[in-house]
Amino acid sequence: IHCELTLNDVPLVYCQPQKLKQVFLNLLQDARLRVTTIEDSSKRKIEMTLTKEEKENVSHVKISIQDNGEEDLVKGIGQFNSIEISKSIV
C-alpha cells in the first residue's frame with residue numbers, strides 16, 4: 001500500500017499526543033482495510049494531509065485522511081467501533 005503524508009506549515013497545537021495518535025491509527029487502519037479490497041496492489045493508496053487554516057485570526061490544523069478503496073459492508077461493521085472511539089476522543 002502506498003502511503004503518502006503531506007505536511008505544510010502546521011502550527012504548534014496544544015493537545016494530548018497519545019489521544020491524537022490513537023485517532024490517527026484508527027482512521028489509517030480503517031483506510032488500510034478498505035484498500036486491501038483493490039486487487040492491483042500498485043493502485044492501493046492512502047493519503048494523509050495536514051494543513052494550516054486561518055479563521056478569524058486563529059490558526060487551525062486541518063487533517064485529511066483519504067483512501068481509494070471501496071466500502072465493504074461486512075468489514076464496515078467492525079470499523080464502526082473504531083470510528084465511534086475516534087469521535088469520542090476528538
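Residues numbered from 1 in each chain as written. Predicted model: local features only at pLDDT ≥ 70, side-chain atom pairs only at ≥ 80, totals over all residues. Heavy atoms only, no water.

### So, the confidence of the model for the chain
Stage number 1. Residues at a pLDDT of 70 or more form 84% of the chain, whose mean pLDDT is 77.
Stage number 2. Considering each helix and strand of the chain separately, the mean pLDDT is smallest for strand S1 (residues 2-7), with a value of 68, and largest for helix H1 (residues 17-35), with 83. (pLDDT = per-residue confidence, 0-100. Helix = DSSP H or I, 4+ residues; strand = E, 2+ residues; numbered from the N terminus.)

### Structural notes on H1
Residues that lie three or four places apart on an α-helix share one face, since the helix turns once every 3.6 residues.
Stage number 1. If you check H1, its first and last C-alpha atoms are 27 Å apart, about what 19 residues at 1.5 Å a residue would give, namely 27 Å.
Stage number 2. Those residues of H1 that fall on the buried side of the exposure criterion are Val23, Asn26, Asp30, Ala31 and Val35. The buried residues of H1 occupy an angular sector of 165 degrees when the element is viewed end-on, so they sit on one face. Exposed side of H1, more than 90 degrees from the buried face: Pro17 and Gln18 are the residues found there. (Expected span 1.5 Å × (residues − 1). Buried < 20%, exposed > 50% of the residue type's maximum accessible area, 1.4 Å probe, protein only. Arc of directions from axis to C-beta.)

### Some words on the pairing of strand S3 (residues 58-67)
Stage number 1. Note that strand S2 (residues 45-55) and S3 share 10 bridges and pair antiparallel. Counted as the bridge partner of Ile46 is Asp67 from S3.
Stage number 2. Taking the residues that link successive antiparallel strands as the turn, the S2-S3 hairpin has 2 residues, and the phi of Glu56 there is positive, at about 50 degrees. (Pairing = 2+ DSSP bridges.)

### Concerning the side chain of Asn26
Stage number 1. With respect to the element layout, Asn26 can be found in helix H1.
Stage number 2. Residues within four places of Asn26 in sequence aside, it is in contact with Ser82, Ile85 and Ser86. (Contact = heavy atoms within 4.5 Å.)

### What about a nonpolar patch on the surface?
Stage number 1. A cluster of nonpolar side chains, Leu5, Leu7 and Val10, forms an exposed patch at the surface whose accessible area comes to about 270 Å².
Stage number 2. Take Leu5: it is sitting in strand S1.
Stage number 3. Assessed through its relative accessible area of 53%, Leu5 is described here as exposed. (Patch = residues over 30% accessible without salt bridge, like charges linked within 9 Å, V, L, I, M, F, W, Y side chains within 5 Å. Areas by Shrake-Rupley, 256 points an atom, 1.4 Å probe, with all protein chains shown as cover. Salt bridge = Lys/Arg side-chain N within 4 Å of Asp/Glu carboxyl O.)

### Observations concerning unusual backbone geometry
Stage number 1. A positive phi angle, close to 50 degrees, is found at Glu56, a residue other than glycine.
Stage number 2. Note that Glu56 resides in the loop between S2 and S3.
Stage number 3. The exposure class assigned to Glu56 is exposed, which follows from its relative accessible area of 79%.

### Regarding the environment of Asn8
Stage number 1. Examined against the element boundaries, Asn8 turns out to sit in the loop between S1 and H1.
Stage number 2. With a relative accessible area of 42%, Asn8 lands in the partly exposed category.
Stage number 3. Sequence-wise, Asn8 and Leu50 are 42 residues apart; in three dimensions their C-alpha atoms are separated by 6.3 Å.
Stage number 4. Dropping the residues within four chain positions of it, Asn8 is found in contact with Leu50 and Thr51.

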